Each structure stands twice: as C-alpha cells, then as structure tokens.
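So the chains spell out like this:
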Amino acid sequence: KFVAVGKTADIEKAWRSDKVVDGKGMVGTPGFVDNHLHASFQMSRGLADEANAQSFLFDHMYPYEGAMTEEDVYVSSSLAAIELLRHGVTCFVDPGNYHPDATARAIAASGLRMVLATSCFDKTKSVLGLLPESMIQTTDRCLAKTEELFDKYRAAHGGRITASASFRGLNNASDELILGLKKLAQKYGTFLQTHACFAYSTHDSSVAQYGKPEIERLESLGVLDESMLLVHSGWLEPHEVAILVRRKPTLVAAPTSSVHNGYGNITVGKLPELMALGVNVSLGSDHACSGAVDIVQEMRHCACGYKEARMNPRVMPPEHAVEMATINGARGAGVGDRIGSVDVGKEADLVLFDATVSEWQPLYNPVSNLVYSATGNTVKHVFVAGEQVVRDGRLTLIDQDAIMREVGKT
C-alpha cells in the first residue's frame, strides 16, 4: 500500500527503504482502470473491419467467439495482459466469455487485476440476427454458471481477481435473466454489467421487440442503480438521460470502438453532459478488433472527439479524461476504495512514464502531454499492489516472448 506521499526530503526523513526506483525524468500516474475489454477478442484484430453493427457482431465476432477453444481463450487473454500492462492498465473489467477459467489463469499469471465474468445470452434471435448455437444457454444455466463463478472467484489471487454478473446485450437477454443476474449481483455485493445503446440498430431493435428503448427497459425492470455498469450508452432518448441522472449507473465510453465502426456514440452521445450532472463516466478499450488496446489513446479519442462533435474546445478537458481512466474506472469496477488514486492507505498501483522521449517534451503540463501527445508505449515501469509487473517496458512475471510465439501459432 501507499504509506506516504510527499516530497523526497520529507519521505527520506520518515522512512527507510530496502529498494529505490529512480523516477528521474518520469511522470507518475495511478494505475489505469479499463472498464471494458473483451480479453478473448485479442486475437481478432483485423477480422472485422469496415462492418456495421449487425455485420460486425453476427457475421464476424459471434462466429469467431463461438469457435474459440479454452486454449484459444488462454492465449488471447495472455496477449491482452501484455498489451494492457505495457500501456499502464493495472485493472480491467471483462464482460465474459465461455471459458472464464482460462481468462483468469492467464491474467493471474501476469499480476494484473481484473473483474471476471461469464458470458450470458439466453435468447437465440433478435431483430439483428441469429446467434451461433454454441453461444446459447438457458436462463437457468446462465444463472447457475454465474453463481459458480462468484463462489470460485470471490477474492481470488490475493484479491486481484473478483467477479461480476454480466449479460452481453439487452436484445439477447430475457427479463428473467436480467432480473436473476441483478439478484445474484446484490447477493454477492458486486455489480451488473452489459452493453447498452451502442448503435442505432440496437436501440431500434429494443423498441421493435419490447416497445421501449434500452435504458427505459432497464428502468422498468428496476435494475438500474449505482451498482450497474453500462458500456457505450450513446443512443439515448431524452427521457433516458433523466433516468440515468436519477439512477447514476457507471457509463463506459469506448471511443475507438465507436469511431472504428461508425456507431455514432461521440456524435450523438451525452457523456460530457452526464458527467456534469454527476454520473460516473469511465473508459474502456472494448476489443482489439477496433485497433489499439491502449487506454492512453482512448483518453485522447474521448477528449478530442467530444471537442470536435460539440465544436467546443473547453469540453472534456484532459483532467476529466485522466479521471475517467483512473478513479472513475476504479469506482465502476467496484474498487474505488482500494485503487484509482495515489493516496495513503490505498493499494500501490502506480505507472511511471518515460517523459524524456520526444512526445513528452517540452514538459510544461504533464496532464496535457499524457492525453494529447503521449501513447501507452511510453510506459516504463508498472506496479500492482507494490509489486513491479513491468520493468523497462517488459513484463516481469510471465515470459512475454513465449506468449508471442504462441500467438503466432494460433
């Protein structure tokens, strides 16, 4: 844990160290928290370009996911761990897949923190398309496997792995599944997560199937509260904005995903306004098939994207983007009391950037440089709970080169 924060001279008077990491020429931040990443999609980069929402899911990603073996998921999750840690992410939220134990095994080996989930779909067909048979399970089976996950990963690997309840989308989830998962989340003191309102087509599908848009449907079921995490949340009707302000779930912006697939979440989304109204808004990189898994680039896309959409340079200042990637993300992951800021008593997740490289210079304003000019590739050292998991840009606990060789074979 962080035991003291202050000037070097004051620290050296009060404390004796067994080891000193020289931070000269570096900029330090809290460990970043990625509130939405499909670790099992890390092997999908380049497989779903130039595809609209329907084609992206039903022609590309669902068939990919339905064909994955446990070993595929392990290799993909190991690759995700490398990319996350190398870019300064010390904790992430996974929305679930069909081999969550493989994901947990890969992430635990790396030293990274995560919130684990198992994938839940209980409706075969929506207006958008038909799911692969291998991905469909009954409502009872979805609830049972979620509870099994909670029992197994209540505070695993020294508390670095916890679990949440997850249904992957409203259009392929019954009311019974949503209500059952919410009940389990409350029983185990965690949160419920889902994709919501990420494209006009999902919004339109919800209206066609249920007679109401997605946020209104969640409100009618009584599941919306501060212990819910909604990913994307771009396509909102006016009364749904009021619902979100009243219920205050965490909303996760995934800007590179939206700009890659043309979802329009930055153009039509209301996240800066919702932040101003007191809603917790965080960041997620979503998946490798939309490009970089780099929370630093997500900060820039979010800050600059909303400036462009609003034609207002004062919207989304860099400080807000950093809060979204740190303390807001920690709150969304249910661990805001443990991580997300450099405070005495919190667990020591810390990132040191090499600020001597060109994109960090001149160093008039470190926050501005981080959001507007740097990338995650300038991370030098990363610590999780005080343990160094990245040294000089390379992971310390797993064989990075061996994993890359496995990626090449898969």
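Scroll up a little and you will see the structure.
Residues numbered from 1 in each chain as written. Predicted model: local features only at pLDDT ≥ 70, side-chain atom pairs only at ≥ 80, totals over all residues. Heavy atoms only, no water.

Draft legend 1. Examining the side chain of Lys 182 more closely. As for its placement among the helices and strands, Lys 182 is situated in helix 7 (residues 175-187). Overall, the relative accessible area of 4% leaves Lys 182 in the buried class. Apart from the residues lying within four places of it in its own chain, the contact partners of Lys 182 are Leu 192, Val 223, Asp 225 and Ser 227. (Helix = DSSP H or I, 4+ residues; strand = E, 2+ residues; numbered from the N terminus. Buried < 20%, exposed > 50% of the residue type's maximum accessible area, 1.4 Å probe, protein only. Contact = heavy atoms within 4.5 Å.)

Draft legend 2. Broad picture of the layout of surface pockets. As a volume, the largest pocket reaches approximately 1500 Å³. What lines the largest pocket is a set of 35 residues, among which Phe 2, Ala 4, Ile 11, Val 21 and Leu 350 lie closest to the centre. Mapped by element, the contributors of at least two residues to the lining of the largest pocket are helix 1 (8-14), strand 1 (26-30), helix 15 (318-325), strand 13 (350-354) and helix 17 (366-372). Counting residues per element, the lining of the largest pocket draws most heavily on strand 1, which supplies four residues. (1 Å grid on protein atoms, 1.4 Å probe; cavity = no way out; pocket = protein on both sides within 12 Å on 5 of 7 lines; lining within 4 Å. Points joined across faces, edges and corners; volume = space filled by probe spheres on them.)

Draft legend 3. Quick look at the sheet that holds strand 2 (residues 32-34). Pairing in this open sheet of four strands is parallel, and the strands run 2-3-4-7 from one edge to the other. The open sheet is flanked by strand 2 and strand 7 (161-163), the only strands paired with a single partner. For this sheet, the mean inter-axis angle between neighbouring strands, taken without regard to orientation, is 15 degrees. Pairing geometry for strand 2 and strand 3 (residues 89-93), over three bridges, is parallel. Bridge assignment links Phe 32 to a residue of strand 3, and that residue is Val 89. (Pairing = 2+ DSSP bridges. Axes fitted to C-alpha atoms, helices over the stretch in contact; angles between N-to-C directions.)

Draft legend 4. Structural context of empty space enclosed by the protein. Following the criterion strictly, the structure yields three cavities of 30 Å³ or more and no others. Each pocket or cavity is described by its volume, and for the largest cavity that value is around 280 Å³. Leu 57, Tyr 62, Arg 168, His 195 and Phe 198 are the residues nearest the centre of the largest cavity, which is lined by 24 residues in total. In terms of residue count, helix 2 (residues 53-66) provides more of the lining of the largest cavity than any other element does, five residues in total.

Draft legend 5. Highlighting the sheet that holds strand 8 (residues 165-166). Taken in spatial order, the five strands line up as 8-9-10-11-12 in an open sheet, and their pairing is parallel. Because the sheet does not close on itself, it has two edges, and the strands there are strand 8 and strand 12 (281-283). Relative to strand 10 (residues 228-232), strand 9 (residues 192-196) runs parallel, the two sharing five bridges. From the neighbouring strand, Gln 193 faces strand 10, where its bridge partner is Leu 229.

Draft legend 6. View of helix 10 (residues 238-247). Buried residues of helix 10: Glu 240, Val 241, Ile 243 and Leu 244, and no others. Buried residues of helix 10, seen end-on, are gathered within an arc of 160 degrees and therefore sit on one face of the element. Along helix 10, the residues that are exposed and aim more than 90 degrees away from the buried face are Pro 238 and Arg 246. As for helix 10, its buried residues are in contact with helix 9 (214-221), strand 10, strand 11 (250-253) and helix 13 (271-276). Among the residues trailing helix 10, Lys 248 stands out with phi positive, at a value near 55 degrees. (Arc of directions from axis to C-beta.)

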